[in-house]
Amino acid sequence: MEDIKKSHFDREIINKWVIAENNRYIDSLINMCDLKHFNSNSFIGYIYIDHMIGISLRVHVLCRIGSNEKPLIVTNMLDIGRDFILRYGTFDNVSLLSQEQIDDLSLPAEPDWLVHYEPFKYSDIRERVELDQFRAPGYFDDVSVILISKNNEYTPEVVWVRLDEMMKGGVVFQGQLLNEPNADFGVHIGEIIPVF
């Protein structure tokens, strides 16, 4: 298994199966849902992008890991009617599963539910590697943009935009302005603006 360190980019972990030891967030959910009897010490999940909430990890199974042993699955979340989702910043020290491990654990290439989070209209934007330098950590669809006034009456200002669409051969994007600019650029939070 390959350890994910802080230096890894978000692109390297999205749409991947991972395994991790239980952390305080998972332990809290296990206690709250009265699932301690499964005696799990780790979990396997899938990291994906929620367009509105950012990079997330959905727990697929709870398991136990001993030294040098294959994970022993103690329960599938679907079987018990539970849905544990960790948001960016609430999971760390995850390890990517290799294709051999994915096959060995009979995991699908990608979960069925992913179709709800991977609309086709975002795929072209998410594939644009050159945008990575502008993406917000943990919020893969949000990019920093510089607003410039038409008459140069205001100092250019950096704002955040959640990209929704790519147009004109990938030269122009469209997205929702996520924060109110300090100066009056004629656009306001929540508006859909073009990004060049």
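The preceding data block contains the structure.
On a predicted model such as this, the values are computed, not experimentally measured, just so you know.

Visitor: Tell me about a nonpolar patch on the surface, residues and numbers included.
Guide: A cluster of nonpolar side chains, contributed by Ile-146, Ile-148 and Val-158, occupies part of the molecular surface with about 310 Å² of accessible area. Residue position: Ile-146 is located in strand β9 (residues 139–147). Look at Ile-146 and you get exposed, because its relative accessible area is 54%.

Visitor: Explain the sheet that holds strand β8 (residues 135–136) to me, using residue names and the numbers behind them.
Guide: Strand order across the open sheet formed by five strands is β8-β9-β10-β11-β12, with antiparallel pairing between neighbours. One side of each edge strand has no neighbouring strand; the edge strands of this open sheet are β8 and β12 (192–195). Relative to strand β10 (residues 157–167), β9 runs antiparallel, the two sharing six bridges. Counted as the bridge partner of Val-145 is Val-159 from β10.

Visitor: I'd like a rundown of the packing of aromatic side chains, residues and numbers included.
Guide: As enumerated under the stated definition, the model contains five aromatic pairs in all. With a centroid separation of 5.0 Å and 70 degrees between ring planes, the pair formed by Trp-17 and Tyr-46 is classed as edge-to-face. Here the residue Trp-17 occupies a position in strand β2 (residues 16–21), and Tyr-46 occupies one in strand β3 (residues 42–50), the gap between them amounting to 29 residues. For the pair Trp-17 and Tyr-46, a shared accessibility class is recorded, and that class is buried. Considering the side-chain rings of Tyr-48 and Trp-113, the 4.9 Å spacing of their centres and the 70 degrees angle between planes classify their relative orientation as edge-to-face. One end of the pair, Tyr-48, is in strand β3; the other, Trp-113, is in the loop between α2 (99–104) and α3 (120–126), with 65 residues separating them in the sequence. Across this residue pair, the class does not change: Tyr-48 and Trp-113 are buried.

Visitor: Tell me what's going on with the pairing of β12, and back it up with residues and numbers.
Guide: Of the two faces of β12, only the one carrying Ile-193 and Val-195 is buried; Ile-192 and Pro-194 on the other face are not. For strand β11 (residues 172–177) and β12, the ladder comprises four bridges, and the chain directions are antiparallel. Residue pairing in the sheet places Gln-174 in a bridge with Pro-194 of β12.

Visitor: Describe the environment of Ile-53, listing the residues and the values that go with them.
Guide: Inspection of the secondary structure puts Ile-53 in the loop between β3 and β4 (54–64). You can call Ile-53 partly exposed: its relative accessible area is 37%. Measuring from C-alpha to C-alpha, the distance between Ile-53 and Gln-99 comes to 28 Å, with 46 residues separating the pair along the chain.

Visitor: Describe helix α1 (residues 24–32), and please don't skip the residues or the numbers.
Guide: Residues of α1 that are buried include every one of Ile-26, Leu-29 and Ile-30, and no others. The arc enclosing the buried residues of α1, seen along the axis, measures out at 100 degrees, which places them on a common side. Residues of α1 that are exposed and point over 90 degrees away from its buried face: Arg-24 and Met-32. On its buried side, α1 packs onto β3, β4 and β6 (85–87). In the stretch just after α1, Asp-34 is the one whose phi turns positive, near 55 degrees.

About the cut-offs
- Residues numbered from 1 in each chain as written.
- Predicted model: local features only at pLDDT ≥ 70, side-chain atom pairs only at ≥ 80, totals over all residues.
- Heavy atoms only, no water.
- Patch = residues over 30% accessible without salt bridge, like charges linked within 9 Å, V, L, I, M, F, W, Y side chains within 5 Å.
- Areas by Shrake-Rupley, 256 points an atom, 1.4 Å probe, with all protein chains shown as cover.
- Salt bridge = Lys/Arg side-chain N within 4 Å of Asp/Glu carboxyl O.
- Helix = DSSP H or I, 4+ residues; strand = E, 2+ residues; numbered from the N terminus.
- Buried < 20%, exposed > 50% of the residue type's maximum accessible area, 1.4 Å probe, protein only.
- Pairing = 2+ DSSP bridges.
- Phe/Tyr/Trp six-rings, centres within 6.5 Å; stacked < 30°, edge-to-face > 60°.
- Arc of directions from axis to C-beta.
- Contact = heavy atoms within 4.5 Å.

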